[in-house]
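# Topology and contacts: notes
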Amino acid sequence: MSALIASEPGTPGRDNEDFAAVSSDVLVVVDGAGAPRGTATGCRHSVAWYARNLGGLLLAAATDDRSGLAEALAVAIDRVNALHADTCDLTRPGSPSATVALARIAGDRLEHLVLSDAVLLLDRVGAPPRVVTDGRLADVVAKLDELPPLGTDAHTAGLRSRVEQLAAHRNQPGGFWVASTQPGAAAEALTGSTPLDELNAVALLSDGASRLADRFALLDWPGLLGVLRDGGPDALIQRTRRAEADDPDGSRWPRGKASDDASAIYRRFRELL
Ligand SMILES: [Zn+2]
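As a starting point, this report considers the structure included with it. (Residues numbered from 1 in each chain as written. Predicted model: local features only at pLDDT ≥ 70, side-chain atom pairs only at ≥ 80, totals over all residues. Heavy atoms only, no water.)

### Remarks on the coordination of the zinc ion
Looking at the zinc ion, one finds its protein donor set to be Cys 43 (SG), His 45 (ND1), His 84 (ND1) and Cys 88 (SG), positioned 2.1 to 2.4 Å from the metal centre. Between the donor residues of the zinc ion, the gaps in sequence give the motif C-x1-H-x38-H-x3-C. On the basis of relative accessible area, Cys 43 is assigned to the buried category, the value being 11%. (Donors = N, O, S within 2.8 Å, 3.2 Å for Na, K, Ca; no water. Buried < 20%, exposed > 50% of the residue type's maximum accessible area, 1.4 Å probe, protein only.)

In structure tokens:
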């Protein structure tokens, strides 16, 4: 069965800092993040550049190589480093980073990997969905000040302060882990595997595509999987955009951006009954 895939920028015409792609047996979603405008970094590349290079190299590494998914991610991080080690100072903080959801069909099993707040949903036969996401970033964010309303100067200042505070916890023991310049961060990813015959489907989501469930609480996870089953990733993203448009100033759901880049991949393993 083929995979369905959608990836859209939060604002039409802007760079999409997500990346989503599939090969015959590998599915990958990458969600890039960067330092706020005006912050000095050692890297001259855009977040979108980082996300698509990491995602493309990860797809290749996980497809070509039968080693574990965490090793494939470490290889991909290392290969992206090599692409800009000559032009950029990768030892300085503020280089682009990314969260990752990755799945691979290996024989009769589905292997998975999640790094940071990307979401991987295992739609299980006769059991509730298993949600794989790393809560460490959310744990750090929960300790920070709440953001003022979207579109205000206070929000802009609060967001900058938040990003600076987050930087102090990134890829640090006791903080949270993302793909950036340290291949060793891959060892912090959540990994596992599931027999294919226990699965109806798998979904990989950037946090911009999971927010109907985990941020807005407009759907539970079975409901979100139902949207994917009935309408595919496009329907999920359209529904997310409608919810975002209903709360343009973030008063109901405080958040960093009114609309976030959103990516979803959905692959079924058995026919609909
Ligand atoms: Zn660079």
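The structure having been displayed, the exposition proceeds.
### Digging into the sheet that holds strand β3 (residues 26–33)
With antiparallel pairing, the 5 strands of this open sheet are ordered in space as β2-β3-β4-β5-β8. Here the strands that pair on one side only, and so sit at the sheet edges, are β2 (18–22) and β8 (190–195). For this sheet, the mean angle separating the axes of adjacent strands, direction not counted, is 10 degrees. Note that β2 and β3 share 5 bridges and pair antiparallel. The residue bridging Ala 20 from the neighbouring strand is Val 29, located in β3. Across the sheet, helix α2 (residues 69–84) is in contact with β4 (97–106) and β5 (109–115); its angle to β5 comes to roughly 45 degrees. (Pairing = 2+ DSSP bridges. Helix = DSSP H or I, 4+ residues; strand = E, 2+ residues; numbered from the N terminus. Axes fitted to C-alpha atoms, helices over the stretch in contact; angles between N-to-C directions. Contact = heavy atoms within 4.5 Å.)

### Quick look at the sheet that holds strand β10 (residues 262–268)
The strand order across the open sheet built from 5 strands is β1-β10-β9-β6-β7, with neighbouring strands paired in antiparallel fashion. Edge positions in the sheet fall to β1 (3–8) and β7 (130–132), since each has one partner strand and no second. The average undirected angle you get between the axes of adjacent strands in this sheet is 10 degrees. Pairing geometry for strand β6 (residues 119–124) and strand β9 (residues 199–205), over 6 bridges, is antiparallel. Bridge assignment links Leu 120 to a residue of β9, and that residue is Leu 204. Packed on one face of the sheet, helix α5 (residues 207–214) meets β6, β9 and β10 and runs near 80 degrees to β10.

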